[in-house]
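Analysis of the macromolecular model
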Protein chains: 2
Amino acid sequence: VIGVDWGTSSFRAYRMTEAGQIIARASASSGILQVKAGEFPNALCAAVGDWLADGETKILLSGMVGSRQGWVEAPYLPSPADPAAIGAALIRIPFDDADILLIPGLSDRDEAGTPEVMRGEETQIIGALNAIDLSGLVCLPGSHSKWARVTDGRIASFRTYFSGEAFAALRTGTILGRMMDDAPPDDAVFARGVARSADGAHLLHQLFGVRSLALFGELGTRQTASYLSGLLIGHEVRAALQADGTVHLIGAAPLCALYADAIAICGGIARVIDEDAAARGLARIGRVAPWAA
Amino acid sequence: VIGVDWGTSSFRAYRMTEAGQIIARASASSGILQVKAGEFPNALCAAVGDWLADGETKILLSGMVGSRQGWVEAPYLPSPADPAAIGAALIRIPFDDADILLIPGLSDRDEAGTPEVMRGEETQIIGALNAIDLSGLVCLPGSHSKWARVTDGRIASFRTYFSGEAFAALRTGTILGRMMDDAPPDDAVFARGVARSADGAHLLHQLFGVRSLALFGELGTRQTASYLSGLLIGHEVRAALQADGTVHLIGAAPLCALYADAIAICGGIARVIDEDAAARGLARIGRVAPWAA
């Protein structure tokens, strides 16, 4: 079986045994924003055509490839959802050279009734079920960080935080960015930003403090970005952390390391899950998928 | 006496009697960012040269003209400060054709020890002292909104909120802006955003909701900007509102109207002060200024 984690700006494919052992990997720069409408079959063949020629017949896709800007728009499956429910909701995509199934994203509603959505993260969470003993709080940091509550092997509910994209916009588009060098992350200054997030003042006030600290020389231009990052991630972690205190992190190692630091400062315990969660999730859902005979 | 409110992007001059009656007004597009170093005397003469030729000899400046990017950098005067303290801290600027005095900005420290600064707003607040009966909470909305506590005719303390610049950056630099039309403000949708700010979820989570509501068709592209504005201003007002509930607003009429709506929704009482507060503040400080004989 071939599993593909096809996101907005990335394409990662895995050739796997039925049991989920990874035989080969392929990655490409053909994230869905780089692929024109109608060109998705070609983009897929360019990346995994060799494996098809070698006899593979099943392809499972997850991620933003199932969005309005992707190959086929898959309706969201409402949470709670477990691997069986996701397997029963797969969408078949007509394709000449293999049987292609698409994993739908999940939806939810927050306490205020506002919609929640994810595409791709559900597959990573399914891939982490063993690592989290089937229940726990999972965080997938990113532009739009997802925090999911997993209960008895199901994705029970989830919430999104806009911190990553807010950080980028504040850095690029405000006076705060004019005081920032492209310096490497500074752990101590990041921790200072996380600590600031706990002082009871509102984030919109604390953001101005990033400027005033720099203006008074109390924060250097090489420190400002790390401080802002700590401030935003600190707010996110404090808002999302739950009573049991343990957070399972899935994502790129450097970002997970920042979140792990922030979680520890906020009194939680972080466990970082290895980066193959997506492949394991694809294999797991693939085992319950209704493949053509 | 000539009073000038000289900001980052605006220049407003008033020719006044000693008692503060406005005889003539002048405005120019020569905000300090439009004036090159060394060109401040020329920019001033271009705007008020006629009044000097007509016999005026005293000029009082306030605003960002006293910043590092302005004509002369004036050290901040620490708050609390009253008109007499500000009058005693004026900076004389060498100039051939008149006696020029510059009003310093004010500084403060918030509860966490983070610096606070204002330049120009102190003059507007001084100009509003009569309207607020010498004590009260004053809000000057803008890119960096200022909320000042005035006690017994002194500016006792103040806090800045970054909401205006955050709104602009989120609108210009994130996926939220891609779902926004340039529609006129929608009061009902603005109120919906303000109400959302009270539901207990974190702002960083609620920001993603702006996208998901649009994605589900529960917020139209002509509504998204008003909703985001209400969400941010709602957060600011709830954080800054104090027990007595009354807020005196100084600023441009359309922005004050939005803040007045948000304050009312949040259970406060808004009083909008007329737009000549800067002129009255310049006149008030001018009366205690140490003019050359």
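The structure contained in this document is the topic of the report that follows. (Residues numbered from 1 in each chain as written. Chains lettered and ligands numbered in written order. Predicted model: local features only at pLDDT ≥ 70, side-chain atom pairs only at ≥ 80, totals over all residues. Heavy atoms only, no water.)

Examining the environment of Val 138 of chain B
Residues and elements named next belong to chain B. Short version of the rule: The way it works is that DSSP assigns letters per residue, a run of H or I at least four long becomes a helix, a run of E at least two long becomes a strand, and they are numbered from the N terminus. In what follows, a contact means two residues having at least one pair of non-hydrogen atoms within 4.5 Å.
Mapped onto the elements, Val 138 comes out in strand S10 (residues 136-140). A C-alpha to C-alpha distance of 29 Å links Val 138 and Ile 100, two positions 38 residues apart in sequence. Those residues within four positions of Val 138 in sequence are excluded, and the remaining contacts are Ile 125, Ile 132, Lys 146, Trp 147, Ala 148, Val 150, His 248 and Ile 250.

Overview of unusual backbone geometry
All names here are of chain A. Going from Ser 79 to Pro 80, the amide bond is cis rather than trans, its omega being 5 degrees. Structurally, Pro 80 is set in the loop between strand S5 (77-78) and helix H2 (83-88). One non-glycine residue, Asp 133, lies in positive phi territory at about 55 degrees. Examined against the element boundaries, Asp 133 turns out to sit in the loop between helix H3 (121-127) and strand S10 (136-140). The backbone of Leu 134 shows a phi angle near 75 degrees, a positive value even though the residue is not glycine. Structurally, Leu 134 is set in the loop between H3 and S10.

Comments concerning the side chain of Ser 212 of chain B
As a reminder of what qualifies: Summary of the burial criterion: residues with accessible area below 20% of their type's maximum are buried, those above 50% are exposed, and those between are partly exposed, where the area comes from a 1.4 Å probe applied to protein chains only.
With respect to the helices, strands and loops of the structure, Ser 212 of chain B is situated in helix H6 (residues 203-215). For Ser 212 of chain B, a relative accessible area of 0% corresponds to the buried category. With near-sequence residues (within four places) excluded, Ser 212 of chain B lies in contact with Thr 114 and Pro 115 of chain A.

Details of helix H8 (residues 253-265) of chain B
Residues and elements named next belong to chain B. Stated formally: One less than the number of residues in a helix, times 1.5 Å, gives the span that helix is expected to have.
For H8, which comprises 13 residues, the first-to-last C-alpha distance of 18 Å matches the rise-based estimate of 18 Å (1.5 Å per residue) to within 8%. Taken as a whole, H8 has its buried residues at Cys 256, Leu 258, Tyr 259, Ala 260, Ala 262 and Ile 263. Tucked into the core, H8 has its buried residues touching S10, strand S11 (145-151), helix H5 (187-196), helix H7 (224-240), strand S13 (246-249) and strand S14 (269-272). Remark: Gly 267 follows H8 within two positions and exhibits a positive phi of approximately 90 degrees.

A look at the sheet that holds strand S12 (residues 154-161) of chain A
Residues and elements named next belong to chain A. The line we're drawing: Strands qualify as paired when DSSP identifies two bridges or more between them. The angle between two axes is taken between their N-to-C directions and runs from 0 to 180 degrees, where each axis is a line fitted to C-alpha atoms and a helix contributes only its stretch in contact.
As summarised here, the arrangement of the five strands in space is S12-S11-S10-S13-S14, forming an open sheet in which the pairing is mixed. A strand with exactly one partner marks an edge of an open sheet, and here the two such strands are S12 and strand S14 (269-273). On average, each strand axis in the sheet is inclined to that of its neighbour by 25 degrees, with strand direction left out of account. Of the pairings in the sheet, the one linking strand S13 (residues 246-250) to S14 comprises five bridges and is parallel in character. Its bridge partner being in S14, Val 247 is matched across the sheet by Ala 270.

Some details on the sheet that holds S14 of chain B
Adjacent strands of a sheet pair through backbone hydrogen bonds, lying either parallel or antiparallel. Residues and elements named next belong to chain B. As summarised here, the arrangement of the five strands in space is S12-S11-S10-S13-S14, forming an open sheet in which the pairing is mixed. Each end of this open sheet is capped by a strand with a single partner; those strands are strand S12 (154-161) and S14. Within this sheet the neighbouring strands show an average axis-to-axis angle of 25 degrees, counted without direction. Pairing between S10 and S13: three bridges, direction parallel. Looking across to S13, one finds that Cys 139 is bridged to Leu 249. Sheet strands in contact with H8 are S10, S11, S13 and S14, and its direction is about 175 degrees off that of S13.

Considering the interface of chain A and chain B
Definition in use: Computed with a 1.4 Å rolling probe, the buried area is the accessible surface lost when two parts are put together, summed over both parts. Here, a salt bridge means any Lys or Arg side-chain nitrogen found within 4 Å of an Asp or Glu carboxyl oxygen. Any pair of N or O atoms that falls within 3.5 Å is considered a polar contact. Within protein, one atom must be able to donate a hydrogen and the other to accept it, and sequence-neighbouring residues count only if both atoms are side-chain atoms.
With 44 residues of chain A in contact, the opposing surface of chain B contributes 44 residues. Between chain A and chain B, roughly 3,600 Å² of surface is buried when both sides are summed, and carbon and sulfur atoms account for 69% of that area. If you sort the residues of chain A by the area they bury against chain B, Phe 162, Leu 204 and Phe 208 of chain A come out on top, with a joint share of 20%. Summed over the shared surface of chain A and chain B, the number is four salt bridges. Connecting chain A to chain B are 19 residue pairs in polar contact (both at pLDDT 80 or more). Elements supplying a minimum of two residues to the side of chain A that touches chain B: strand S8 (106-109), strand S9 (115-118), S12, helix H4 (163-173), helix H6 (203-215) and helix H7 (224-240) of chain A.

Notes on the nonpolar core
This is how the line gets drawn: Residues grouped as a nonpolar core are buried Ala, Val, Leu, Ile, Met, Phe, Trp, Tyr and Cys residues, joined through side-chain atoms within 4.5 Å.
Trp 147 and Leu 228 of chain A together with Trp 147 of chain B are the most contacted members of the largest nonpolar core, which totals 81 residues. Excluding residues within four positions of it along the chain, Leu 228 of chain A makes contact with Phe 167, Leu 170, Leu 176, Met 180, Leu 207 and Val 210 of chain A.

A look at the relation of the copies chain A and chain B
Defined as follows: Copy-to-copy alignment: least squares on C-alpha atoms, limited to residues at pLDDT 70 or above in both.
Least-squares fitting of chain A to chain B yields an RMSD of 0.0 Å, with the transformation described by 0.0 Å of translation along the axis and a rotation of 180 degrees. Overall, the copies show the geometry of a two-fold rotation axis. Rotation axis and chain A: the residue whose C-alpha lies nearest the axis is Ala 169 of chain A, separated from it by 2.9 Å. The share of interface residues of chain A whose copies in chain B are also at the interface is 100%, consistent with both copies meeting through the same surface.

A look at the packing of H7 of chain B against H8 of chain B
Residue and element names in this part refer to chain B. For clarity, the cut-off: Should the near helix be turned anticlockwise from the far one by less than a right angle, the crossing is left-handed, and should it be turned clockwise, the crossing is right-handed. Here the term charged refers only to Asp, Glu, Lys and Arg, the term nonpolar to Ala, Val, Leu, Ile, Met, Phe, Trp, Tyr, Cys and Pro, and the term polar to all other amino acids, Gly among them.
Packing of H7 against H8 leaves a shortest axis separation of 9 Å and a crossing angle of 65 degrees. For the crossing formed where H7 meets H8, the hand is right-handed. Counting all contacts with H7, which are made through Ser 229, Ile 233, Glu 236 and Val 237, the residues of H8 involved are Leu 258, Tyr 259, Ala 262 and Ile 263. Residues that form the contact of H7 with H8 fall into these classes: six nonpolar, one polar and one charged.

Let's talk about the side chain of Gln 124 of chain B
Within the element layout of this structure, Gln 124 of chain B appears in helix H3 (residues 121-127). If we ignore the near neighbours within four places in the chain, the residues touching Gln 124 of chain B are Leu 140, Ile 250, Ala 277 and Ala 278 of chain B.

So, the packing of aromatic side chains
Put simply, the rule reads: Ring pairs are drawn from Phe, Tyr and Trp, using the six-membered ring of Trp, whenever the two centres fall within 6.5 Å, and their geometry is named by plane angle: stacked under 30 degrees, edge-to-face over 60, tilted for the rest. Whether a charge lies above a ring is judged from NZ of Lys or CZ of Arg, which has to be within 6 Å of the ring centre and within 35 degrees of the ring normal.
Considering all chains together, one arrives at twelve aromatic pairs over all chains under this definition. Taken together, a centroid distance of 6.1 Å and an interplanar angle of 80 degrees make the contact between Trp 71 of chain B and Phe 95 of chain B edge-to-face. You can see Trp 71 of chain B sitting in the loop between strand S4 (58-62) and strand S5 (77-78) and its partner Phe 95 of chain B sitting in the loop between strand S6 (91-93) and strand S7 (99-102), a full 24 residues away along the chain. For Trp 71 of chain B, a relative accessible area of 17% translates into the label buried. For Phe 95 of chain B, a relative accessible area of 16% puts it in the buried group. Its guanidinium or amino end placed over the ring of Tyr 76 of chain A, Arg 119 of chain A lies 4.1 Å from that ring's centre, counting from NZ or CZ.

Any functional reading would require information that these geometric values do not contain.
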